[in-house]
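Here are the chains, one letter per residue:
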Amino acid sequence: MAEKKTKRRPSPASFLLKLRELLLSEDPNVISWDELGRITISDPGRLSGEVLMNYFRHSNFSSFQRQLNYFGYYKISGKGKLEKCVYTNNALRHDGDEPGATKPPYPIDALLRLKRKSSREGQAAAAATAAK
């Protein structure tokens, strides 16, 4: 008798697990999650100086931003390296056509479903930006 193979859902990326823990545990005056799936970094200085090293092997704010970008987050407000900034991710937003699509409010666990961008996606985005 043939056994049914069940599809295993891949486990979330380590960065996303740590990000979720950080968002749940840390002071919302430093970094927070909102019901629209946005991440607000209110105090980048404290985030890099006091928080990141508790979750990651570094305390480099630029590396943290790069990881957010790899998972599809992009900055929608905030200029300057150590200014308050807000990141959003279009992968959390669905038009409702997909089976199981969700709409806000997004629970924080929604970020665990995100996938890292492939290098092909990054190259396409860079080419689109350069064409403007």
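What counts, and where the lines are drawn
- Residues numbered from 1 in each chain as written.
- Predicted model: local features only at pLDDT ≥ 70, side-chain atom pairs only at ≥ 80, totals over all residues.
- Heavy atoms only, no water.
- Pairing = 2+ DSSP bridges.
- Helix = DSSP H or I, 4+ residues; strand = E, 2+ residues; numbered from the N terminus.
- Axes fitted to C-alpha atoms, helices over the stretch in contact; angles between N-to-C directions.
- 1 Å grid on protein atoms, 1.4 Å probe; cavity = no way out; pocket = protein on both sides within 12 Å on 5 of 7 lines; lining within 4 Å.
- Points joined across faces, edges and corners; volume = space filled by probe spheres on them.
- Nonpolar A, V, L, I, M, F, W, Y, C, P; charged D, E, K, R; others polar.
- Core = buried A, V, L, I, M, F, W, Y, C linked by side-chain atoms within 4.5 Å.
- Buried < 20%, exposed > 50% of the residue type's maximum accessible area, 1.4 Å probe, protein only.
- Contact = heavy atoms within 4.5 Å.

J.: Got a sec to walk through the sheet that holds strand S1 (residues 31-33)? Specific residues and values, please.
T.: Ordered in space as S1-S2-S4-S3, the 4 strands form an open sheet in which the pairing is antiparallel. The open sheet has two free edges, formed respectively by S1 and strand S3 (73-77), since each of these has just one partner strand. Sheet twist, expressed as the average angle between the axes of neighbouring strands with direction ignored, equals 25°. In this structure, strand S2 (residues 39-41) lies alongside strand S4 (residues 85-89), joined through 3 bridges in antiparallel fashion.

J.: Pulling in residues and values, what's your account of the layout of surface pockets?
T.: Its boundaries defined by the atoms lining it, the second largest pocket holds a volume of some 160 Å³. As for the second largest pocket, its lining consists of Ala13, Ser14, Phe15, Lys18, Phe56, Arg57, His58, Ser63, Gln67 and Phe71. Looking at which element gives the most residues to the lining of the second largest pocket, the answer is helix H1 (residues 14-25), with 3 residues. By residue class, the composition of the lining of the second largest pocket is 4 nonpolar, 4 polar and 2 charged.

J.: Account for the nonpolar core, naming residues and giving values.
T.: Of all hydrophobic cores here, the largest spans 29 residues; its most connected members are Ile41, Leu47, Phe64 and Leu111. Of all elements in the fold, only H1, S1, S2, helix H2 (44-51), helix H3 (61-70) and S4 reach the threshold of two or more residues within this core. In this view, Ile41 contacts Val30, Ile31, Leu47, Phe61, Phe64, Leu68, Glu83, Lys84, Cys85 and Tyr87; residues no more than four positions away in its chain are not counted.

J.: Provide a residue-level description of the pairing of S4, including the pertinent values.
T.: The two faces of the sheet receive side chains in turn, since in a regular strand these alternate between them. With 5 of 5 residues buried, S4 lies mostly within the body of the structure. Both faces of S4 are covered, namely the face carrying Cys85, Tyr87 and Asn89 and the face carrying Val86 and Thr88. Of the pairings in the sheet, the one linking S3 to S4 comprises 4 bridges and is antiparallel in character. Bridging across to S4, Lys75 finds its partner in Tyr87.

Worth remembering: the numbers are spatial, not functional.
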